[in-house]
Amino acid sequence: MSAPATRYSATVRSHFRSLAGAGDLPPAAGAAVSGEAVALDRLAWVRFAVRIDAGRIVDCRFRAFGCPHTLAAASLVAGRLRGAPIDALPAFDAGTLACELDAPAEKMGRLLVVEDALRHLLANAHRVQ
Amino acid sequence: MSAPATRYSATVRSHFRSLAGAGDLPPAAGAAVSGEAVALDRLAWVRFAVRIDAGRIVDCRFRAFGCPHTLAAASLVAGRLRGAPIDALPAFDAGTLACELDAPAEKMGRLLVVEDALRHLLANAHRVQ
Amino acid sequence: MARALYLDHAATAPLDPRVADAMAACLADPELQANPASAHAAGRAAAEQVALARGQVARLVNASPEAIVFTSGATESVNLAALGAVRACGPGRRHVVTSRIEHRAGLDACRQLEREGHEVTWLAPGRDGLIRAEQVAAALREDTALVSLMHANNEIGTLTDIGAVAGLCEARGITFHTDAAQSVGKVAVDCAVPGIALLSFCAHKLGGPKGVGALYVRRRPRPQVQPLQFGGGHEGGLRSGTLALHQLAGFGLACELAGAALGEEPARIRTLRERLWQQLQAAAPLWRNGAAEPSVPGILSVGFAGIEGESLLLELDGEIAASSGAACSSATGEPSYVLRSLGRSDEAIQATLRLSLGRGTTAQDIDRAASVIVRAVARLRAALPAGALERIA
Amino acid sequence: MARALYLDHAATAPLDPRVADAMAACLADPELQANPASAHAAGRAAAEQVALARGQVARLVNASPEAIVFTSGATESVNLAALGAVRACGPGRRHVVTSRIEHRAGLDACRQLEREGHEVTWLAPGRDGLIRAEQVAAALREDTALVSLMHANNEIGTLTDIGAVAGLCEARGITFHTDAAQSVGKVAVDCAVPGIALLSFCAHKLGGPKGVGALYVRRRPRPQVQPLQFGGGHEGGLRSGTLALHQLAGFGLACELAGAALGEEPARIRTLRERLWQQLQAAAPLWRNGAAEPSVPGILSVGFAGIEGESLLLELDGEIAASSGAACSSATGEPSYVLRSLGRSDEAIQATLRLSLGRGTTAQDIDRAASVIVRAVARLRAALPAGALERIA
Ligand SMILES: Cc1ncc(COP(=O)(O)O)c(C=O)c1O
Ligand SMILES: Cc1ncc(COP(=O)(O)O)c(C=O)c1O
């Protein structure tokens, strides 16, 4: 009568529990840039927003609709972006996210949405630069 | 894995337990007469033997192969014949036996064998008279 | 961690402790270990207990004990009824009427009948989840072999007017089967209603053990039914296999207890369900799947705008045990075809929670459940991108 | 009245008290009440216990857990195997090979296949009760879909050389099924023997609960099997229906215990059986049905000249619980077709007693049983008409 038991890694559980980085950017110095990707058929919708100041991402927030892996991936990415120099950003794609989150194969489609949102963010950020 | 539970009346159980009257006639005064009926397809084989003296059945014994109802019927008949005057014998047929023993309908075929053995006995007894 | 609040009684109800005790006693009794089919004293003792249980089960649905065929559960009962009744029909009757919202057992049995060359009319419910007798009347044909419609739906709790449907079938000499797994023991179910030929139910939805069920098979006229499994000829030849006395004893007692509770319990549960629905208004925008009435008392299917079902379940994990609309109806986890046939979008379906109440549910439980769910929904919504609340509904 | 000595283990074995305890604990545990198919924590806890039981069951027959499909008993397993494998075959393969001495489940399933238009070759045993691999070889055809032969016969205990038969089937790509309900847990049974595609067994013959069994379904190559009952898609789609954890837990533990006893127990039981046979010589003239070996250890089928079976059972009632040759093989009570196909007369068949030993049987029990039987036979024979001893044999 229910979904197959999906197991969640400690990383997923901890990000999901805190949803650290969820919300909007507080007002501050620097340029605000965002990137978003939606795929409702995959039940994923992710939006990143960063504030850039002096060549560095000084803040990063996300908003997301999605499964625990999607939310955890967005939260994880937001945390890693925060403080990173814009020309030496940590590299993320769906594969590395799946690996870090110990996500099952059927979650790849959703993690690709996170990857897409990030890609759009970076493209916008480089345009701002 | 087994036969349907056939229930046995107290009369059947008591005759079956004692098998009173089973065996051969002991030597004594008077004429020995017997009657027998066999129906192996019905798993019944009954033989009565009586000793007749002075117009009276002074002893009666039976031998039988058969189910508890068959054995009980033979034993019951033997007991009733013992001591009966030859011209006023108790009347028995399969129906009265079934009734006295509270036997289920499927046992009628076997009780008919008891009736037959008794009939042969009586025919022989009248011939001896 | 405290035990999660169990609101998944429609998936399975916890075993009634009195039933557990009776079963344990039966399992431990050296006098009750024989095969009820054996002729010796031990077998007869077991057979007597079987007869007792059969009487208890029969009584709950107002049937004679001889009309009860014991099975391994409602899945088997439903298959025996649907496959069995249709396969037993001559080639002249090749048509079956059922609905799109049957339990997977009924659905998949009828799909199998299609593969075997039968023609199936799949009735669609209204947006309220109800299948109406007029739809059945319109679907009946000269060559209709079987009408099979569930009594209470397991996902949304709505009730079909089986009396009306049975009457239609009775008038035309058509075999009518109803899957009453979700209604027996929850509301009054009466097999003597004219036209009910076959009725399926099981123990584990009403406080009894899993792995045992029953099919009511009307005595006069007796519908033709081809067995699913053949063998020693137990259960009037319809269902061979050694009877499991402890299972039947548990089923019997559970039926007796459920029957005794039918006076008060339905109203109590219905009140609790509506209290839950009221309290969940704090999580608006939300919607209810299926008509509030007619329904069995204990099932509430509710959808929350902007919510992803898996995340909601993880939010509730350890707090509330309930089923998700994303995967209510199968062991494999597909979106609910029941909600889909009510016209819901896939997004709305996956945002659905089926909360099902039972004998142990208290008002306190309901209040706690509502506050936990409202808090969980709020937390997830707080992270939504702008516009998502409107689009996922 | 003291309890009768139970010598009817082939009908059903008493539940092992350790299994009864484990099942009672499972029934009473509030943590284990959920549906194992549910995604919430309670459901996952139940699913973990199911996995544990599956492992225990698999280990006893040297199978991988994924190859075990849980059923409601051996009757269902045998039907699922025989009906399922043949129905799943294309129209090109319409031939089935089985024997006249299968359990009623196998026999009646194959009769059903005949009704469905399949052709069945019914192998007859020798007077020793054995079906030989050469007979199977001679019966195989181009269009043979299935060979289904039991491992141990339930009435006479003789064993078929299933390794040889499986090898023949393997070589020809034919699905081989064996009904091992009477051998699993009694002798070593190994599903990894090349050619075994399907193997049926159940819990209640080996100290587990009634109402649960298993079908081993080889993984590679996986035989095509059409389910008997359709639904949520449990058990790899082969057997839908809510899993009954307490039943599976009991089955699992019973398998583990039976496996642990396989070292010593078979020899002990076999020795007791032969001791019984020796002591029964005091009731000569008598005969033994089926070869003494190869056999499962616990079954002795013996006939007594001049004896009427029902009277013998009543003589023994309250003293010994055993099965009669008059009605070994059905719930309806017909003379044994197994003994008939060994060439026995109907008179000899009805004069037969099946005495089956089990874990609880002691040497003392055997001595008591023998003396009770010898006395009973003597008492009935004392009343026989002259000539009856010779004619009823
Ligand atoms: C309406 C309905 N029918 C059939 C079933 C199947 O019952 P069981 O689990 O006893 O096979 C269920 C429950 O799963 C149900 O809710
Ligand atoms: C050889 C054999 N096969 C099948 C069965 C049927 O088993 P169950 O009673 O579990 O359905 C039995 C026992 O009754 C048996 O001895």
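Every value quoted in this text rests on a predicted model; they were computed, and no experiment measured them. (Residues numbered from 1 in each chain as written. Chains lettered and ligands numbered in written order. Predicted model: local features only at pLDDT ≥ 70, side-chain atom pairs only at ≥ 80, totals over all residues. Heavy atoms only, no water.)

### Overview of the nonpolar core
With 176 residues, the main nonpolar core has Val 147 of chain C together with Val 147 of chain D as its most contacted residues. Val 147 of chain D has contacts with Val 97, Val 136, Leu 140, Val 165, Cys 169, Ile 174, Thr 175, Phe 176 and His 177 of chain D, leaving out every residue within four places of it along the chain. (Core = buried A, V, L, I, M, F, W, Y, C linked by side-chain atoms within 4.5 Å. Buried < 20%, exposed > 50% of the residue type's maximum accessible area, 1.4 Å probe, protein only. Contact = heavy atoms within 4.5 Å.)

### Concerning the site of ligand 2
Looking at ligand 2, there are 14 residues lining it, with Thr 242 of chain C together with Thr 75, Asp 179, Gln 182 and Lys 205 of chain D nearest. The environment of ligand 2 is shared, with nearby residues belonging to chains C and D. The side chain of Thr 75 of chain D places a nitrogen or oxygen atom 2.5 Å from an oxygen atom of ligand 2. One nitrogen or oxygen atom from the side chain of Gln 182 of chain D is found 2.7 Å from an oxygen atom belonging to ligand 2. Against a free-state accessible area of 390 Å², the protein chains account for coverage of 97% of ligand 2. Counted by class, the shell around ligand 2 contains four nonpolar, eight polar and two charged residues. (Near = heavy atom within 4 Å. Polar contact = N/O pair within 3.5 Å; in protein donor to acceptor, adjacent residues only side chain to side chain. Areas by Shrake-Rupley, 256 points an atom, 1.4 Å probe, with all protein chains shown as cover. Nonpolar A, V, L, I, M, F, W, Y, C, P; charged D, E, K, R; others polar.)

### Focus on unusual backbone geometry
Residue Pro 221 of chain C is reached from Arg 220 of chain C by a cis peptide bond, and omega for that bond is -10°. Turning to its location among the elements, Pro 221 of chain C is positioned in the loop between strand S8 (213-217) and helix H7 (245-261). A cis amide bond, omega 0°, links Ala 284 of chain C with the succeeding residue Pro 285 of chain C. Phi is positive for Leu 19 of chain A, which is not a glycine, with a value near 45°. Mapping Leu 19 of chain A onto the fold places it in the loop between helix H1 (10-18) and strand S1 (31-39). The backbone phi angle of Asp 102 of chain B is positive, close to 55°, even though this residue is not glycine. Note that Asp 102 of chain B resides in the loop between helix H3 (94-101) and helix H4 (108-128). (Helix = DSSP H or I, 4+ residues; strand = E, 2+ residues; numbered from the N terminus.)

### Quick look at the sheet that holds strand S3 (residues 56-65) of chain A
All names here are of chain A. If you trace the three strands from one edge of the open sheet to the other, you get S1-S2-S3, paired in antiparallel fashion. Strand pairing shows two members of the sheet lacking a second neighbour, S1 and S3, which therefore form its edges. Mean inter-strand twist for the sheet, computed between neighbouring axes without regard to direction, equals 15°. Where S1 meets strand S2 (residues 44-53), nine bridges bridge the pair, whose relative direction is antiparallel. When the sheet's bridge partners are listed, Ala 32 is paired in S2 with Arg 51. Strands S2 and S3 of the sheet are contacted by helix H2 (residues 68-81), whose axis makes an angle of about 170° with S3. With respect to the sheet, helix H4 (residues 108-128) is in contact with S1 and S2, its orientation differing from that of S1 by roughly 150°. (Pairing = 2+ DSSP bridges. Axes fitted to C-alpha atoms, helices over the stretch in contact; angles between N-to-C directions.)

### What about the sheet that holds strand S3 (residues 56-65) of chain B?
Residue and element names in this part refer to chain B. Read from one edge of the open sheet, three strands run S1-S2-S3, paired in antiparallel fashion. In the strand order of this sheet, the two ends are held by strand S1 (31-39) and S3, each with one partner. Taking each pair of neighbouring strands and ignoring which way they run, the sheet shows an average axis angle of 15°. Alignment of strand S2 (residues 44-53) against S3, held across nine bridges, turns out to be antiparallel.

### Here we look at the interface of chain C and chain D
With 60 residues of chain C at the contact, the number on the chain D side is 60 residues. Around 4500 Å² of area is buried between chain C and chain D when both sides are counted, 57% of it from carbon and sulfur atoms. Linking chain C with chain D are four salt bridges. Between Glu 31 of chain D and Arg 3 of chain C there is a salt bridge, with the nearest N and O atoms lying 3.4 Å from each other. In this assembly, chain C and chain D are joined by 24 residue pairs in polar contact (both at pLDDT 80 or more). Elements supplying a minimum of two residues to the side of chain C that touches chain D: helix H1 (17-28), helix H2 (41-60), helix H3 (74-87), helix H4 (104-115) and H7 of chain C. Examining the composition of the side of chain C that touches chain D, we find that six residues originate from one element, H4 of chain C, more than from any other. Its residues placed into classes, the side of chain C that touches chain D shows 23 nonpolar, 24 polar and 13 charged. (Buried area = accessible area lost by both parts, 1.4 Å probe. Salt bridge = Lys/Arg side-chain N within 4 Å of Asp/Glu carboxyl O.)

### Focus: the site of ligand 1
Around ligand 1 lies a shell of 14 residues, among which Thr 75, Asp 179, Gln 182 and Lys 205 of chain C together with Thr 242 of chain D are the nearest. Proximal residues around ligand 1 fall on chains C and D, making this an inter-chain site. Contact distances for ligand 1 include 2.8 Å between an oxygen atom and a side-chain N or O atom of Lys 205 of chain C. The protein chains hide 97% of the 390 Å² of surface that ligand 1 would expose on its own. Class assignment of the residues belonging to the shell around ligand 1 gives a composition of four nonpolar, eight polar and two charged.

### A word on the packing of H3 of chain B against H4 of chain B
All names here are of chain B. Closest axis-to-axis distance for the H3/H4 pair is 8 Å, and the angle between their directions is 120°. Classified by the angle their axes make, H3 and H4 are oblique. The way H3 lies across H4 gives a crossing that is right-handed. Residues Ala 94, Gly 95, Leu 97, Ala 98 and Leu 101 of H3 form the contact with H4, whose own contacting residues are Met 108, Leu 111, Leu 112, Val 114 and Glu 115. Split into classes, the residues belonging to the contact of H3 with H4 amount to eight nonpolar, one polar and one charged. (Parallel < 35°, antiparallel > 145°, perpendicular 65-115°, else oblique. Left-handed = near helix turned anticlockwise from the far one by under 90°.)

### Re the packing of aromatic side chains
Enumeration according to the criterion identifies four aromatic pairs over all chains in this entry. Chaining the aromatic ring pairs together yields one cluster made of Phe 70, Phe 201 and Phe 251 of chain C. Seen from the ring of Phe 16 of chain B, Arg 379 of chain D lies directly overhead, with NZ or CZ sitting 5.4 Å from the centre. (Phe/Tyr/Trp six-rings, centres within 6.5 Å; stacked < 30°, edge-to-face > 60°. Lys NZ or Arg CZ within 6 Å of the ring centre and 35° of its normal.)

### Quick look at the relation of the copies chain C and chain D
Superposing chain C onto chain D requires a rotation of 180° together with a translation of 0.0 Å along the rotation axis, leaving an RMSD of 0.0 Å. What the superposition gives is, in effect, a two-fold axis relating one chain to the other. Residue Ala 24 of chain C of chain C places its C-alpha closer to the rotation axis than any other residue of that unit, at 2.5 Å. (Least-squares fit on C-alpha atoms with pLDDT ≥ 70 in both.)

### Let's talk about the interface of chain C and chain A
Of the residues lining the interface, 34 residues belong to chain C; the matching set on chain A comes to 27 residues. Here chain C and chain A share an interface that buries about 2300 Å² over both sides, 61% of which is from carbon and sulfur atoms. For Lys 107 of chain A, the salt bridge identified is with Glu 310 of chain C, shortest N-O distance 2.7 Å. Counting every contact that joins chain C to chain A gives eight residue pairs in polar contact (both at pLDDT 80 or more). Listing elements by their share of the side of chain C that touches chain A, those giving two or more residues are helix H9 (309-316), strand S12 (323-324), helix H11 (346-350), helix H12 (363-382) and helix H13 (388-391) of chain C. Looking at the side of chain C that touches chain A element by element, the count peaks at four residues for H9 of chain C. Residue composition of the side of chain C that touches chain A, grouped by class: 15 nonpolar, eleven polar and eight charged.

### A look at the pattern of salt bridges
Residues and elements named next belong to chain C. Enumeration according to the criterion identifies 66 salt bridges over all chains in this entry. Residue Arg 273 pairs with Glu 293 through a salt bridge whose shortest N-O separation is 3.1 Å. Here Arg 273 is found in helix H8 (residues 265-280), whereas its partner Glu 293 is found in the loop between strand S9 (286-288) and strand S10 (299-304), with 20 residues between them in sequence. Since its relative accessible area comes to 0%, Arg 273 is described here as buried. Classification of Glu 293 as partly exposed rests on a relative accessible area of 40%.

### Regarding the confidence of the model for chain A
Summing up the model confidence of chain A, the mean pLDDT is 92 and the portion of residues at 70 or higher is 95%. Every residue in residues 1-5 of chain A scores below 50 in pLDDT, and together they form 27 contacts with partners more than four places removed in sequence or on other chains. (pLDDT = per-residue confidence, 0-100.)

### Considering the domain arrangement of chain C
Interfaces are frequently sized by the accessible area removed from exposure as the parts join. All names here are of chain C. As assigned here, chain C comprises domain 1 (5-13 + 263-391) and domain 2 (17-260). Just the C-alpha atoms count here: the centres of domain 1 and domain 2 sit 28 Å apart. Facing 29 residues of domain 1, the contacting portion of domain 2 comprises 33 residues. For the pair domain 1 and domain 2, the summed buried surface comes to about 2400 Å²; carbon and sulfur atoms form 50% of the total. Counting across the interface, domain 1 meets domain 2 through zero salt bridges. For the pair domain 1 and domain 2, the interface holds 14 residue pairs in polar contact (both at pLDDT 80 or more). Sorting the residues of the side of domain 1 that touches domain 2 by element identifies S10 and helix H10 (337-341) as the ones contributing at least two each. (Domains from an automatic or database assignment.)

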